[in-house]
Structures are given as C-alpha cells and as structure tokens.
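For reference, the chains in residue letters:
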Amino acid sequence: AGTAAFSMSMRSDVTATRTMKAMGKGEYGVAWNLEKSGTYFGSMFGVLDGCTSSTTCANVYGSPFKLEILPDVIDPEKCRVYGAGSTYAVANQNAVLFIIARDRFNNGVVSEDAISLFTMKLSSTAIRNHAFYEYSQTGSQPIVLYAQKDGATPAGIRMIYKVLMPGKYEIDVHYNQT
C-alpha cells in the first residue's frame with residue numbers, strides 16, 4: 001500500500017504526528033498521536049490541482065470533523081497535592097487540600113470516578129497527659145486521622161480533614177488502583 005493522494009489536518013494548539021496510508025478499494029487508514037486531551041477539529045481533503053490545506057481543497061464526506069480526546073488512566077507519579085491544607089491546619093477546624101489526578105501525559109483526570117481511587121490519612125504521635133493526649137514527637141501513642149472526600153471540582157479532588165490537637169502530622173495520599 002502506498003501513500004494516499006489525500007491529506008489530513010488538525011486545528012489545535014498541539015501538533016499531532018499523523019500518518020495516512022492507502023488500504024486499497026478506496027479506503028485509507030489514518031493514525032495520529034495526540035497526547036493532550038481536549039477537543040480537536042480535523043479535516044481530510046483531496047490534494048488536487050495545487051491545493052494545500054482544508055481551506056483551499058475539497059473536503060471528503062464527513063469532514064471537517066470534531067474529535068474528543070479523553071485523558072489516559074491515572075499515573076500516581078504525575079499526581080500532585082496542593083492547597084493550604086497541605087502545609088498547615090488549625091486544630092479543631094476543617095482544613096482543605098486538593099489532589100490533581102493526572103495521566104502519563106500530565107492531562108488532568110478529574111471525574112467523580114477518580115474520587116474513589118484516592119485515600120488520605122494523617123499520622124502523628126502523642127503522649128498521655130492525665131486524661132488528655134498531647135502532641136509529642138517522641139510520643140508512643142499513634143494518632144491516625146482519615147480525610148473525607150468532598151467531590152471533584154475543576155481545582156481537583158477536594159479532601160477535608162480536621163486535626164484535634166496542635167502538632168506535626170504526616171500526610172499520606174494513596175492511589176488505590178490495583
């Protein structure tokens with residue numbers, strides 16, 4: 001099979017690598033490599049009489065077309081945590097942070113389905129002082145709290161937690177995909 005006498009263009013802010021091959025019987029196979037999710041507008045046109053683009057050539061039936069590229073699966077190494085709650089909190093008040101779930105191409109993967117794939121816990125240590133516990137870096141009493149998932153927003157997956165005593169806590173965000 002040889003190179004087709006057709007061309008294809010994609011209008012977007014991302015350059016796509018594309019190939020087009022004649023498959024025989026008037027059929028052509030088109031492939032492109034797009035890594036950025038989003039909406040793309042493409043066109044296929046016959047290259048005749050010196051035309052050079054979809055605006056100067058005759059489009060084939062069904063062209064131009066719109067193509068929606070969805071993000072790939074979540075890649076935990078590309079995910080990020082940010083927001084005030086990732087660096088400080090006030091005892092006995094809600095603190096908020098966001099998880100930006102991303103795929104291997106750094107596309108955001110924010111959806112209601114993605115929420116269930118993350119858990120977050122905070123860990124610290126305390127000592128018992130009479131009937132109360134207080135933070136101590138050398139304490140023997142482990143303190144573990146779990147954040148609540150509060151939905152997906154354009155900012156990311158919203159997590160809320162409340163620490164009950166002042167101190168230093170380690171935040172562990174875990175991706176639960178098996």
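Just so it is clear, the model here is predicted, and its values are computed rather than measured.

Structural notes on the overall build of the chain
Turning to step 1, where the next piece is worked out: Tallying secondary structure elements over the chain gives one helix and 13 strands in all.
Turning to step 2, where the next piece is worked out: Ordered by position from the N terminus, the helices and strands of the chain form the series β-β-β-β-β-β-β-α-β-β-β-β-β-β.
Turning to step 3, where the next piece is worked out: Looking at the 178 residues of the chain, the share that counts as buried comes to 29%.
Turning to step 4, where the next piece is worked out: Taking contacts inside the chain between residues at least 6 apart in sequence as the whole, the part at least 24 apart equals 58%.
Turning to step 5, where the next piece is worked out: Within the structure as shown, the chain displays about 11,600 Å² of accessible surface, and the carbon and sulfur contribution to it stands at 52%.

Thoughts on the layout of surface pockets
Turning to step 1, where the next piece is worked out: Computed from the structure, the largest pocket encloses a volume of approximately 200 Å³.
Turning to step 2, where the next piece is worked out: For the largest pocket, the lining is made up of 16 residues, of which T87, Y88, A89, G167 and Y169 are closest to its centre.
Turning to step 3, where the next piece is worked out: For the lining of the largest pocket, a count of residues per class yields eleven nonpolar, four polar and one charged.

A closer look at the side chain of S136
Turning to step 1, where the next piece is worked out: Relative to the elements of secondary structure, S136 occurs in the loop between β9 (132-135) and β10 (141-146).
Turning to step 2, where the next piece is worked out: With relative accessibility at 13%, the residue S136 sits in the buried group.

Digging into the environment of Y161
Turning to step 1, where the next piece is worked out: Within the secondary structure layout, Y161 lies in strand β12 (residues 156-162).
Turning to step 2, where the next piece is worked out: Measuring from C-alpha to C-alpha, the distance between Y161 and L97 comes to 8.7 Å, with 64 residues separating the pair along the chain.
Turning to step 3, where the next piece is worked out: For Y161, the contacting residues outside a window of four places in its chain are G85, Y88, A89, Q93, N94, A95, L97, M120, L122, A147 and I171.
Turning to step 4, where the next piece is worked out: At 2.6 Å, the side chain of Y161 and the backbone oxygen of G85 are in polar contact.

Observations concerning the nonpolar core
Turning to step 1, where the next piece is worked out: One finds I74, A101, F118, M120, I157, M159 and Y161 to be the most contacted residues of the largest nonpolar core, which totals 19 residues.
Turning to step 2, where the next piece is worked out: Listing elements by their share of this core, those giving two or more residues are β7 (94-100), α1 (112-115), β8 (118-129) and β12.
Turning to step 3, where the next piece is worked out: Beyond its immediate chain neighbours, meaning those up to four positions away, I157 contacts L97, F98, I99, A101, A114, I115, F118, G151 and A152.

Some points on the sheet that holds β12
Turning to step 1, where the next piece is worked out: Read across the open sheet, the four strands follow the order β6-β7-β12-β11; overall the sheet is antiparallel. The sheet is open, and its two edges are formed by β6 (80-82) and β11 (148-153), each paired on a single side. Mean inter-strand twist for the sheet, computed between neighbouring axes without regard to direction, equals 25°.
Turning to step 2, where the next piece is worked out: Where β7 and β12 come together, six bridges link them in antiparallel fashion. Opposite N94, over in β12, you have K162 as the bridge partner.

Analysis parameters
- Residues numbered from 1 in each chain as written.
- Predicted model: local features only at pLDDT ≥ 70, side-chain atom pairs only at ≥ 80, totals over all residues.
- Heavy atoms only, no water.
- Helix = DSSP H or I, 4+ residues; strand = E, 2+ residues; numbered from the N terminus.
- Buried < 20%, exposed > 50% of the residue type's maximum accessible area, 1.4 Å probe, protein only.
- Contact = heavy atoms within 4.5 Å.
- Areas by Shrake-Rupley, 256 points an atom, 1.4 Å probe, with all protein chains shown as cover.
- 1 Å grid on protein atoms, 1.4 Å probe; cavity = no way out; pocket = protein on both sides within 12 Å on 5 of 7 lines; lining within 4 Å.
- Points joined across faces, edges and corners; volume = space filled by probe spheres on them.
- Nonpolar A, V, L, I, M, F, W, Y, C, P; charged D, E, K, R; others polar.
- Polar contact = N/O pair within 3.5 Å; in protein donor to acceptor, adjacent residues only side chain to side chain.
- Core = buried A, V, L, I, M, F, W, Y, C linked by side-chain atoms within 4.5 Å.
- Pairing = 2+ DSSP bridges.
- Axes fitted to C-alpha atoms, helices over the stretch in contact; angles between N-to-C directions.

None of this, on its own, says anything about what the molecule does.
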